[in-house]
Number of protein chains: 2
Amino acid sequence: MSRSTNPVGAEAAQQHPRATRREPLSRERVLSAALALVDAEGVEALTMRRLARDLGCNAMALYRYAASRDELLDGVVETVLAELVIAPDGSGWEDRLRSIAHEFRRLALAHPRVVPLVVTRPLATPLGLRPLGTVRPLEMLLAMLVDAGFAPTDALRVYRAYFGFLYGHVLTELQELVASPEESDDLLRLGLHRLPPQEFPYVRSLATELAHYDGAAELDQGLDILLTGLSGHRRPRTTVG
Amino acid sequence: MSRSTNPVGAEAAQQHPRATRREPLSRERVLSAALALVDAEGVEALTMRRLARDLGCNAMALYRYAASRDELLDGVVETVLAELVIAPDGSGWEDRLRSIAHEFRRLALAHPRVVPLVVTRPLATPLGLRPLGTVRPLEMLLAMLVDAGFAPTDALRVYRAYFGFLYGHVLTELQELVASPEESDDLLRLGLHRLPPQEFPYVRSLATELAHYDGAAELDQGLDILLTGLSGHRRPRTTVG
DNA sequence: TTGTGTAAGTCTACGGTGTAGACCTATAGT
DNA sequence: ACTATAGGTCTACACCGTAGACTTACACAA
């Protein structure tokens, strides 16, 4: 964020609406407009000129707040991830992981067109060079797990298994897109009628199950498997009652 | 660089283009060149003009073999996924899932820059409208699981959990990118020195573990958890072995 | 032979893209 | 009053995907 005026002098924040045609730009305003645009029309719609138009400014003005389009995309990811609230203390680490997982799923469903960015952007950038907001969930989860009694190394392993599972679940759930929601026939809704019947008998026969995916339930089942597996394999140093 | 390959003049009229006409284009040739380009320089390097240059033809010629750049990307995904060999019968479903998982991981490591496409492209297209080569693994796994005694509905659930886990693992493993492989210090290799120490104590302290990720081992541990979990929760109709 | 249809590839052009660099302009600090 | 600077604009460039018309080369019927 921009460094505000020093608290030494009187706050000179007198802003005259005359001075600026519209309320002034800011990184936050730019990023939230960018997120809105991606949510509404997808990543490819986020161009500098288009975003500038939405904000009522010149395209080049955006470069004061993001060094490039790529950094803009990173900023969008950061903005979404900042919404991920880590459940407060008071419950065991398993319950907290459960809660965070559902929170993450909620975010993914709220911003489905950002998900590709979330899972993909980190692949291009080494950990230490990523936007801080992207690394923060990792740090917070490690802290939580260590706090719950895990040795740091085990905490990292749990984190990896857990977040990998989470990414995978979200991707899987979002893949169950319906081609034409208004269509009543499940086969048609998913476009499955275009698959050669003799080559894809099972996929076609599972049209109904494919069309109705209870993501929350499936997430819970996965968490059951994962958490009991993690508890069984490597226990925290201290038992958390 | 002359017409040495085809001395007979009967059907060897190939003089006009500035570059010597090599063997004719084909969808396979185009896609394999596209894959090579993505492997070498990343997705953003795959432009029509650049690919055409690599193939020694005009950019517009490519449209005879792919309707658009997007379809080209789908083709690249299909090409990679076609390499995924499903283990033959003779072993139990759990062993086969294990083998396929390692095969998938091998592919991901062999084509890291294609992975974003693999996990991301399906999000844009409903199941039935995807390239057939993309749906084939789903069909094959369903067939295998049903063959192993699962009810189709359970097979689908297993598939979802399994492939979700697989996607997640691969994404997680590929995220452990080293900024500068030649650097000896783990902290520096991952660029972790740029993280504020007081805000990211755990991430920084785990530099060594982050830099040395035994992906195969972690995959196996995850598979252990997943498969025992799956066996425990929903059994096949008939007991195998 | 000639004519014709067709597939493969080329050329040109259009509207769009990210962004470098020069420029403008209103304000803050001296 | 002067000037430095931050915020925003303008212009320009190289590149992008691709529509549409054009050029071939060749198979085959007459």
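Residues numbered from 1 in each chain as written. Chains lettered and ligands numbered in written order. Predicted model: local features only at pLDDT ≥ 70, side-chain atom pairs only at ≥ 80, totals over all residues. Heavy atoms only, no water.

1. Digging into the overall build of chain A
Line of reasoning, step 1. Counting its regular elements, chain A contains eleven helices and zero strands.
Line of reasoning, step 2. Starting at the N terminus and ending at the C terminus, chain A contains elements arranged as α-α-α-α-α-α-α-α-α-α-α.
Line of reasoning, step 3. Within chain A, the proportion of its 241 residues that are buried is 48%.
Line of reasoning, step 4. Restricting to contacts in chain A with at least 6 residues of sequence separation, those with at least 24 account for 65%.
Line of reasoning, step 5. Carbon and sulfur atoms make up 51% of the accessible area of chain A, which totals about 12300 Å². (Helix = DSSP H or I, 4+ residues; strand = E, 2+ residues; numbered from the N terminus. Buried < 20%, exposed > 50% of the residue type's maximum accessible area, 1.4 Å probe, protein only. Contact = heavy atoms within 4.5 Å. Areas by Shrake-Rupley, 256 points an atom, 1.4 Å probe, with all protein chains shown as cover.)

2. Observations concerning the environment of A:Leu46
Residue and element names in this part refer to chain A.
Line of reasoning, step 1. With respect to the secondary-structure elements, Leu 46 resides in the loop between helix H1 (27-41) and helix H2 (48-55).
Line of reasoning, step 2. Under the relative-accessibility criterion, Leu 46 is labelled buried at 0%.
Line of reasoning, step 3. For the pair Leu 46 and Leu 73, spaced 27 residues apart in the sequence, the C-alpha separation amounts to 8.7 Å.
Line of reasoning, step 4. Ignoring any residue separated from it by four or fewer positions in sequence, one finds Leu 46 in contact with Ala 34, Leu 37, Val 38, Leu 51, Arg 69, Leu 72, Leu 73 and Val 76.

3. Looking at the protein's contact with DNA strand C
Line of reasoning, step 1. The full set close to DNA strand C counts 18 residues, and A:Arg49, B:Asn58, B:Met60, B:Arg64 and B:Tyr65 are the nearest of them.
Line of reasoning, step 2. Counting only the atoms of DNA strand C that lie within 4 Å of the protein, the sugar and phosphate share comes to 47%.
Line of reasoning, step 3. Of the residues belonging to the surface near DNA strand C, the class tally is ten nonpolar, three polar and five charged. (Near = heavy atom within 4 Å. Nonpolar A, V, L, I, M, F, W, Y, C, P; charged D, E, K, R; others polar.)

4. What about the packing of H1(A) against helix H3 (residues 69-82) of chain A?
Residue and element names in this part refer to chain A.
Line of reasoning, step 1. Between H1 and H3, the least distance of the axes is 9 Å, while the angle of their chain directions is 85°. The orientation of H1 relative to H3 falls into the category roughly perpendicular. Contacts between H1 and H3 involve Arg 27, Val 30, Leu 31, Ala 34 and Leu 35 on the former and, on the latter, Glu 71, Leu 72, Gly 75, Val 76, Glu 78, Thr 79 and Val 80.
Line of reasoning, step 2. Residues of the contact of H1 with H3, tallied by class, amount to seven nonpolar, two polar and three charged. (Axes fitted to C-alpha atoms, helices over the stretch in contact; angles between N-to-C directions. Parallel < 35°, antiparallel > 145°, perpendicular 65-115°, else oblique.)

5. Concerning the protein's contact with DNA strand D
Line of reasoning, step 1. The immediate surroundings of DNA strand D are formed by 20 residues, with A:Asn58, A:Met60, A:Arg64, A:Tyr65 and B:Arg49 found nearest.
Line of reasoning, step 2. Among all atoms of DNA strand D positioned within 4 Å of the protein, those belonging to sugar or phosphate total 48%.
Line of reasoning, step 3. Take A:Asn58: an N or O atom from its main chain is 2.6 Å from a phosphate oxygen of DNA strand D.
Line of reasoning, step 4. At 2.5 Å from a base nitrogen of DNA strand D is found a side-chain nitrogen or oxygen belonging to B:Arg49. (Polar contact = N/O pair within 3.5 Å; in protein donor to acceptor, adjacent residues only side chain to side chain.)

6. Focus: the interface of chain A and chain B
Line of reasoning, step 1. Contacts between the two partners involve 60 residues from chain A and, on the opposite side, 60 residues from chain B.
Line of reasoning, step 2. Where chain A abuts chain B, roughly 5500 Å² becomes buried across the two surfaces, and 68% of that area is made up of carbon and sulfur atoms.
Line of reasoning, step 3. Of all residues in chain A, A:Leu123, A:Arg160 and A:Ile225 give up the largest surface area on contact with chain B, accounting jointly for 14% of the area buried on that side.
Line of reasoning, step 4. On inspection of chain A and its partner chain B, the count reaches six salt bridges.
Line of reasoning, step 5. A:Glu218 is the salt-bridge partner of B:Arg160, the closest N and O atoms lying 3.9 Å from each other.
Line of reasoning, step 6. For the interface between chain A and chain B, the tally reads 14 residue pairs in polar contact (both at pLDDT 80 or more).
Line of reasoning, step 7. Counting residues per element, the ones that place at least two in the side of chain A that touches chain B are helix H5 (115-120), helix H6 (132-147), helix H7 (152-175), helix H9 (201-205), helix H10 (207-211) and helix H11 (215-233) of chain A. (Buried area = accessible area lost by both parts, 1.4 Å probe. Salt bridge = Lys/Arg side-chain N within 4 Å of Asp/Glu carboxyl O.)

7. Digging into the confidence of the model for chain A
Line of reasoning, step 1. Of all residues in chain A, 86% have pLDDT values of 70 or greater, and the mean over the chain is 87.
Line of reasoning, step 2. In the predicted structure, residues 1-21 of chain A sits below a pLDDT of 50 and forms one contact with residues beyond four places in sequence or in another chain. (pLDDT = per-residue confidence, 0-100.)

8. With respect to the layout of surface pockets
Line of reasoning, step 1. The calculated volume of the largest pocket comes to roughly 1600 Å³.
Line of reasoning, step 2. Elements with a contribution of two residues or more to the lining of the largest pocket: H3 and H5 of chain A together with helix H3 (69-82) and helix H5 (115-120) of chain B.
Line of reasoning, step 3. In terms of residue class, the lining of the largest pocket is made up of 18 nonpolar, five polar and eleven charged. (1 Å grid on protein atoms, 1.4 Å probe; cavity = no way out; pocket = protein on both sides within 12 Å on 5 of 7 lines; lining within 4 Å. Points joined across faces, edges and corners; volume = space filled by probe spheres on them.)

9. Things to note about the relation of the copies chain A and chain B
Line of reasoning, step 1. Structural alignment of chain A on chain B gives an RMSD of 0.1 Å, achieved by rotating through 180° and translating 0.0 Å along the axis. The two molecules are tied by a two-fold rotation axis, judged by turn and shift. For chain A, the residue whose C-alpha comes nearest the rotation axis is A:Gly168, separated from it by 2.1 Å.
Line of reasoning, step 2. Here 100% of the contact residues of chain A are again contact residues in chain B; the copies associate through an equivalent surface. (Least-squares fit on C-alpha atoms with pLDDT ≥ 70 in both.)

10. Section: helix H4 (residues 93-110) of chain A
Line of reasoning, step 1. Here H4(A) contains 18 residues, and its C-alpha end-to-end distance of 25 Å stays within 8% of the 26 Å for a straight helix at 1.5 Å per residue.
Line of reasoning, step 2. By the burial criterion, the buried members of H4(A) are A:Trp93, A:Arg96, A:Leu97, A:Ile100, A:Ala101, A:Glu103, A:Phe104, A:Arg105, A:Leu107 and A:Ala108. (Expected span 1.5 Å × (residues − 1).)

11. Focus on the side chain of B:His111
Residue and element names in this part refer to chain B.
Line of reasoning, step 1. Of note, His 111 is situated in the loop between helix H4 (93-110) and H5.
Line of reasoning, step 2. Judged by relative accessible area, His 111 falls into the buried class, the value being 10%.
Line of reasoning, step 3. The residues touching His 111, leaving out its near neighbours within four places in the chain, are Leu 35, Asp 39, Val 80 and Glu 83.

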